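Residue-level listing of the chains:
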Amino acid sequence: MPSIDDAINMLDSYAALLSLAIERTDVSAEAVTYLPTWRAVRCCLRGFDALQLASSGMSYAQSFTHPVVLNGRWFRPVDLLRQALEQLEDAARAVQRHQYSEETPSASRAALAGLADRVFHVEQDLRGLIGPAVAQLSFPHRQQA
């Protein structure tokens, strides 16, 4: 299990990678008019936001399990981590569906090429590095889901 500081550093580093990939993705209205492209990018943005929220929660709590108040609600950082991993998994799936769909225009596919690679690797890396700690510290009913 990584230390709190190591986990926060990992989340911040991977969030920065994902942010850079999102920024470099050309999805302006003029460049991309295909709705599933916008949806895939929004999924990636939700994953990025979830990483930042999990990092903030862990920074405030300095623990995986001590509850912390964020945006007026109580959370356990481990639950925020689990949600971030789920959001990243959803984003990776959405981008993969987008990239491999025969209906996706080539311009849309090209616009998301870099983001598709990054979100997949961020999700896989964090699932391998932090996933076991999340599974170990989650409530038993959460592990079955």
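Residues numbered from 1 in each chain as written. Predicted model: local features only at pLDDT ≥ 70, side-chain atom pairs only at ≥ 80, totals over all residues. Heavy atoms only, no water.

**Comments concerning helix α2 (residues 35-61)**
In this model, α2 (27 residues) spans 39 Å end to end at C-alpha, consistent with the 39 Å of a helix rising 1.5 Å per residue. Backbone geometry just downstream of α2 places Q62 in the positive-phi region, at approximately 50 degrees. (Helix = DSSP H or I, 4+ residues; strand = E, 2+ residues; numbered from the N terminus. Expected span 1.5 Å × (residues − 1).)

**Observations concerning the pattern of salt bridges**
With the rule as written, the count across this model stands at eight salt bridges. Note that E89 and R127 form a salt bridge whose closest N and O atoms lie 3.1 Å from each other. Highlighted residues: E89 in helix α3 (residues 77-100) and R127 in helix α5 (residues 113-129), separated in sequence by 38 residues. Assessed through its relative accessible area of 32%, R127 is described here as partly exposed. (Salt bridge = Lys/Arg side-chain N within 4 Å of Asp/Glu carboxyl O. Buried < 20%, exposed > 50% of the residue type's maximum accessible area, 1.4 Å probe, protein only.)

**Some details on the confidence of the model for the chain**
Mean pLDDT over the chain stands at 87; residues scoring 70 or higher make up 91%. Within the chain, helix α7 (residues 140-144) has the poorest average pLDDT of any element, 48, and helix α1 (residues 4-24) the best, 94. Note on residues 141-145: pLDDT under 50 across the span, and four contacts to partners over four residues away in sequence or across chains. (pLDDT = per-residue confidence, 0-100. Contact = heavy atoms within 4.5 Å.)

**Quick word on the nonpolar core**
Residues L11, L18, L51, M58, L81, L115 and L126 are the most contacted members of the largest nonpolar core, which totals 42 residues. When residues of this core are traced back to their parent elements, those giving at least two are α1, α2, β1 (68-70), α3 and α5. (Core = buried A, V, L, I, M, F, W, Y, C linked by side-chain atoms within 4.5 Å.)

**Quick notes on the packing of α1 against α2**
Viewed as axis vectors pointing N to C, α1 and α2 meet at an angle of 155 degrees, and their least axial separation amounts to 9 Å. In terms of their interaxial angle, α1 and α2 are classed as roughly antiparallel. Read as a crossing pair, α1 and α2 show a hand that is left-handed. Contacts between α1 and α2 involve I4, A7, I8, L11, D12, Y14, A15, L18, S19 and I22 from the former and C44, L45, G47, F48, L51, A54, S55, M58 and S59 from the latter. Of the residues that constitute the contact of α1 with α2, the class distribution is 14 nonpolar, four polar and one charged. (Axes fitted to C-alpha atoms, helices over the stretch in contact; angles between N-to-C directions. Parallel < 35°, antiparallel > 145°, perpendicular 65-115°, else oblique. Left-handed = near helix turned anticlockwise from the far one by under 90°. Nonpolar A, V, L, I, M, F, W, Y, C, P; charged D, E, K, R; others polar.)

**A short note on unusual backbone geometry**
Within the chain, Q62 stands out as a residue other than glycine whose phi angle is a positive 50 degrees. Within the fold, Q62 resides in the loop between α2 and β1. Assessed through its relative accessible area of 45%, Q62 is described here as partly exposed.

**Observations concerning the packing of α1 against α5**
Two elements in contact, α1 and α5, have axes whose closest approach is 9 Å; the angle formed by their N-to-C orientations is 170 degrees. Put simply, α1 runs roughly antiparallel to α5. Each of M10, L11, Y14, L18, A21 and I22 in α1 lies in contact with α5, whose residues at this interface are L115, R118, V119, V122, D125, L126 and L129. Counted by class, the contact of α1 with α5 contains eleven nonpolar, no polar and two charged residues.

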